[in-house]
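Observations on the model geometry
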Amino acid sequence: MQPHSVVIDQQMDANHSVDPDMLFPQFMEVDYFRYHELSMDCNVEEVVIFDNYNFLDPANMAVKKSWTISSSTIPVNSNTTIRATDFIELKKGFNVPENTIFNAVTNPCY
């Protein structure tokens, strides 16, 4: 298992003015956080050629050896990340609609 770290970020709203005399706390308590273990199918070459590939199913989103994606659309308003050890190829017909976040990440298998 690789060492991991967790960063919990507390941000101020940029549109909100802050009183310069306001004292910020010296600590923060976290009740809980969630994490998900990545599925690793590193020896499986995944070729996605379907018109309606199910990007929302976590079982389909494991780290693969490679991805070649065509004729597929990321679901609107979703946040989708695909991961591969070797390469990710996006071909004609692959669409990322407005208001949708898509990440393609290559990283080693562990």
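The residue count restarts for each chain, going from 1 along the sequence in the order it is written. Residues qualify for local features only when their pLDDT is at least 70, as the model is predicted, and side-chain atom pairs are given and counted only at 80 or more; totals for whole chains, interfaces and linings, by contrast, use all residues. To obtain the side-chain values, all non-hydrogen atoms of the structure were used and water was disregarded.

This part is about the nonpolar core. Joining through side-chain atoms within 4.5 Å is the link that ties buried Ala, Val, Leu, Ile, Met, Phe, Trp, Tyr and Cys residues into a set, and such a set is a nonpolar core. When accessible area is computed with a 1.4 Å probe and restricted to protein chains, residues below 20% of their type maximum are described as buried, those above 50% as exposed, and intermediate ones as partly exposed. If you look at the biggest cluster of nonpolar residues, it comprises 10 residues: Tyr53, Phe55, Met61, Trp67, Ile69, Ile74, Ile82, Ala84, Phe94 and Phe102. Secondary structure elements are defined from DSSP: runs of H or I of at least 4 residues count as helices, runs of E of at least 2 residues count as strands, and each element is numbered from the N terminus. Breaking this core down by element, the ones donating at least two residues are β2 (63-69) and β3 (79-90).

With that settled, the discussion passes to unusual backbone geometry. Backbone geometry places Asn77, a non-glycine residue, at a positive phi of 65 degrees. On the secondary structure map, Asn77 appears in the loop between β2 and β3. Judged by its relative accessible area of 58%, Asn77 is exposed. Positioned with a positive phi, Asn99 is a non-glycine residue whose angle comes to about 60 degrees. Looking at the secondary structure, you find Asn99 in the loop between β3 and β4 (101-106).

Below, the discussion takes up the pattern of salt bridges. Salt bridge, as used here: a side-chain nitrogen of Lys or Arg that lies within 4 Å of a carboxyl oxygen of Asp or Glu. For the coordinates displayed, the defined rule picks out 1 salt bridge. Salt-bridge contacts for Asp86 lead to Lys65; the nearest nitrogen and oxygen are separated by 2.8 Å. In this pair, Asp86 is assigned in strand β3 and Lys65 in strand β2, connecting sequence segments 21 residues apart. Looking at Lys65, the relative accessible area reads 32%, which means it is partly exposed.

Bringing the pairing of β2 into the picture now. For β2, a buried count of 6 out of 7 residues is recorded, marking the element as mostly surrounded by other parts of the structure. DSSP-based pairing: two strands are paired if at least 2 bridges between them are found. Of the pairings in the sheet, the one linking β2 to β3 comprises 5 bridges and is parallel in character. Counted as the bridge partner of Trp67 is Ile88 from β3.

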